[in-house]
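Chain and residue survey
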Amino acid sequence: MKSYKNPESTHWHVLGAGAIGCLWASHLSRAGKEVTLLLRTKPATAKREKYHPILLEQNGGISSFIVQIQLCSDKNPPIHNLIVCTKSFDALAAIHSIEHRLAPNARIVLLLNGMGVQQECIKRYPGRAVICGSTSDGAYRRDTFHVIQAGKGQTFFGVLNRTAISEPDNLHTNFMKSLNGIELNVHWSSDMLEHLWRKLAINCAINPLTAINRCRNGELLNDTRLVSLMQDICSEIEMILGALKLPYAKPSLFNQVTQDITVTAQNYSSMYQDLNNARPTEIDQITGFICRQAKALGIPVPTNEMLYRKIKNSIEFRAGQR
Ligand code: KPL
């Protein structure tokens, strides 16, 4: 077991105790950082506790890392480094709930699926350094505070509003320094928007189809009908990129999707898991974002719209069953 305390190091506050939040909290702690997990409510087993172990399972082994736990509503201490790992639809409300603790120079790091929330956050916090992230790390929760690291992916960070940030090169260097020692593959990207769009295309192609067909990511490639739907999803997104004059469609989005499916073949996508467990999905921040962009640009995206409606209908159908 490792102690969370290391006064020499960066203090990270992690917002969101899902799979990615627990993965990051445990890896930051392993790298010797001071870590506080911010929770809306404390679990019944730890109502009075200040510290809690996080279990990290990887490569057949299991390690335990002690982190500090706090309520979002707590008054102190000030937050200098915040990493937001909530579901994307919860992110803005979650940040709002700890806003009173953000230090004037606080870094807000968003490690979210989908698109739209990042731009909204930048608008809401104009004077702050908002760093966006995109990850292909595979992780899922076995239990509360117990995460399985299924696959080691890559995580890219960068800013979307470089010109609005004073000393962006210092931000980059200091941010990467604050992650030193971490055993995750982290990189700084000078074109973060490209990573977000590519990840968005991957999520648009994989998540709704796996949720509707109740299959693992890898199974999508075994069915020619599903392959052709994924090609249509990607072509529709490429038309949007063309209209926005964003040069992110080469190499083709579909190539990228097939590569990602191969790497995550054994995974059940996050949307499959959410729908299966009757939890809210990120469809509005994934396919919904594409449908809204398409509408604003007057571009038809029938396949994405059809999948958006199907997921929305199955959410309503399940809600009606409860
Ligand atoms: O990010 C993912 C998700 O499940 O949300 C993919 C890339 C589809 C991996 O499962």
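Check the entry above for the structure.
Residues numbered from 1 in each chain as written. Predicted model: local features only at pLDDT ≥ 70, side-chain atom pairs only at ≥ 80, totals over all residues. Heavy atoms only, no water.

Moving on: helix H7 (residues 253-263). Among all positions in H7, only Leu253, Phe254, Val257, Thr258, Asp260 and Ile261 are buried. Taken end-on, H7 shows its buried residues confined to a sector of 165 degrees, consistent with a single buried face. Every exposed residue of H7 that faces more than 90 degrees away from the buried side is listed here: Gln259, Thr262 and Val263. Looking at the buried positions of H7, the neighbouring elements they touch are helix H5 (192-213) and helix H6 (224-243). (Buried < 20%, exposed > 50% of the residue type's maximum accessible area, 1.4 Å probe, protein only. Helix = DSSP H or I, 4+ residues; strand = E, 2+ residues; numbered from the N terminus. Arc of directions from axis to C-beta. Contact = heavy atoms within 4.5 Å.)

On to empty space enclosed by the protein. Counted under the stated rule, the structure contains one cavity of 30 Å³ or more. Quantified by volume, the largest cavity comes out at close to 40 Å³. The element that contributes the greatest number of residues to the lining of the largest cavity is H5, accounting for three residues. In terms of residue class, the lining of the largest cavity is made up of three nonpolar, four polar and one charged. (1 Å grid on protein atoms, 1.4 Å probe; cavity = no way out; pocket = protein on both sides within 12 Å on 5 of 7 lines; lining within 4 Å. Points joined across faces, edges and corners; volume = space filled by probe spheres on them. Nonpolar A, V, L, I, M, F, W, Y, C, P; charged D, E, K, R; others polar.)

This part takes up the state of the cysteines. Summed over all chains, the structure comprises zero disulfides. With no disulfide partner, cysteine 204 has as its closest neighbouring cysteine sulfur the one in cysteine 291, 8.0 Å distant. (Disulfide = S-S within 2.5 Å.)

Let us look at the pairing of strand E2 (residues 34-39). For a regular strand, side-chain orientation follows a simple rule: the groups alternate between the two sheet faces. Across the six residues of E2, six count as buried, placing the element largely inside the fold. What you see with E2 is no split at all: Glu34, Thr36 and Leu38 on one side and Val35, Leu37 and Leu39 on the other are buried throughout. Once you follow strand E1 (residues 11-15) into helix H1 (residues 19-30) and on to E2, the crossover reads as right-handed. Pairing of E2 with strand E4 (residues 61-71), which is carried by four bridges, proceeds in the parallel orientation. Residue pairing across strands places leucine 37 opposite isoleucine 69, the latter belonging to E4. (Right-handed = clockwise from strand over helix to strand, strands pointing away. Pairing = 2+ DSSP bridges.)

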